[in-house]
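Architecture at a glance
These are the residues of each chain, in order.
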Amino acid sequence: MTEILYRQYVGESDLPHIMALVQSELSEPYVIYTYRYFLHQWPQLAFLAIPAGSSEPIGVIVCKQSMHKHASNRGYIAMLSVDKSWRKRGVASTLVRRSVEVMRRHGVDEVVLETEYDNAPALSLYESLGFIREKRLYRFYLNGKDAFRLVLAVPPPELDHDLPHYMKHAPTTAILSYPIAVDDDEVSCR
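Let us look at the structure shown here. (Residues numbered from 1 in each chain as written. Predicted model: local features only at pLDDT ≥ 70, side-chain atom pairs only at ≥ 80, totals over all residues. Heavy atoms only, no water.)

**Here's the deal with the packing of aromatic side chains**
Scanning all chains against the criterion turns up 6 aromatic pairs. Between Tyr126 and Phe131, the aromatic rings sit 5.4 Å apart at their centres with planes inclined by 70 degrees, giving edge-to-face as the arrangement. With a centroid separation of 5.0 Å and an interplanar angle of 90 degrees, the aromatic rings of Phe140 and Tyr141 are classed as edge-to-face. Accessibility classification places Phe140 together with Tyr141 in one group, the buried group. Above the face of the Phe148 ring, Arg133 is positioned so that its terminal group lies 4.7 Å from the ring centre. The positively charged end of Arg136 is found above the aromatic ring belonging to Tyr117, 4.4 Å away from the centroid. (Phe/Tyr/Trp six-rings, centres within 6.5 Å; stacked < 30°, edge-to-face > 60°. Buried < 20%, exposed > 50% of the residue type's maximum accessible area, 1.4 Å probe, protein only. Lys NZ or Arg CZ within 6 Å of the ring centre and 35° of its normal.)

**Some points on the environment of Arg87**
Turning to its location among the elements, Arg87 is positioned in the loop between strand 4 (72-82) and helix 3 (91-105). Sequence spacing of Arg87 and Gly59 is 28 residues, and the spatial spacing of their C-alpha atoms is 9.2 Å. Each residue touching Arg87, except ones within four places of it in the same chain, is listed here: Glu25 and Val82. Polar side-chain contacts of Arg87 include one of 2.8 Å to the side chain of Glu25. (Helix = DSSP H or I, 4+ residues; strand = E, 2+ residues; numbered from the N terminus. Contact = heavy atoms within 4.5 Å. Polar contact = N/O pair within 3.5 Å; in protein donor to acceptor, adjacent residues only side chain to side chain.)

Written out as structure tokens, the structure reads:
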């Protein structure tokens, strides 16, 4: 089996790869400004998965972290995409774990995301990582489909001994420190 390397987003040169992966695998269309909104403000929360010996990413996660309603430090998984031929190898779960670990080190209280209500593989993945269904969002996506909002409560780093089993082996790398933005918009980015 081919080794898969994981690294953080490094700049605009990664953008075409990220866009191609997301556009080929997710139903929601995004304009380049949506990608840049996340990648320029939270570059430390975007990771790519690349097979050893290749330069083409086969997986990507794009996230953000900001204060929600001035009360909680909230992480948000905006995009997660893995090439169909590379699925069922732990790529998506590793990308989620890495992102959540960076957010946890920066004081996140919870991580949220939305996924189509009938996307059984995504729901299974996130639930296996400890996410729970918070609510159903009717006609959430442009294609008219409903979504589930999923939430993961994240314990602070000082409670490492209390971490759930799915987070205990979260791979870590050198973590760059970036300030956490305050985001007052109540509109969820898809």
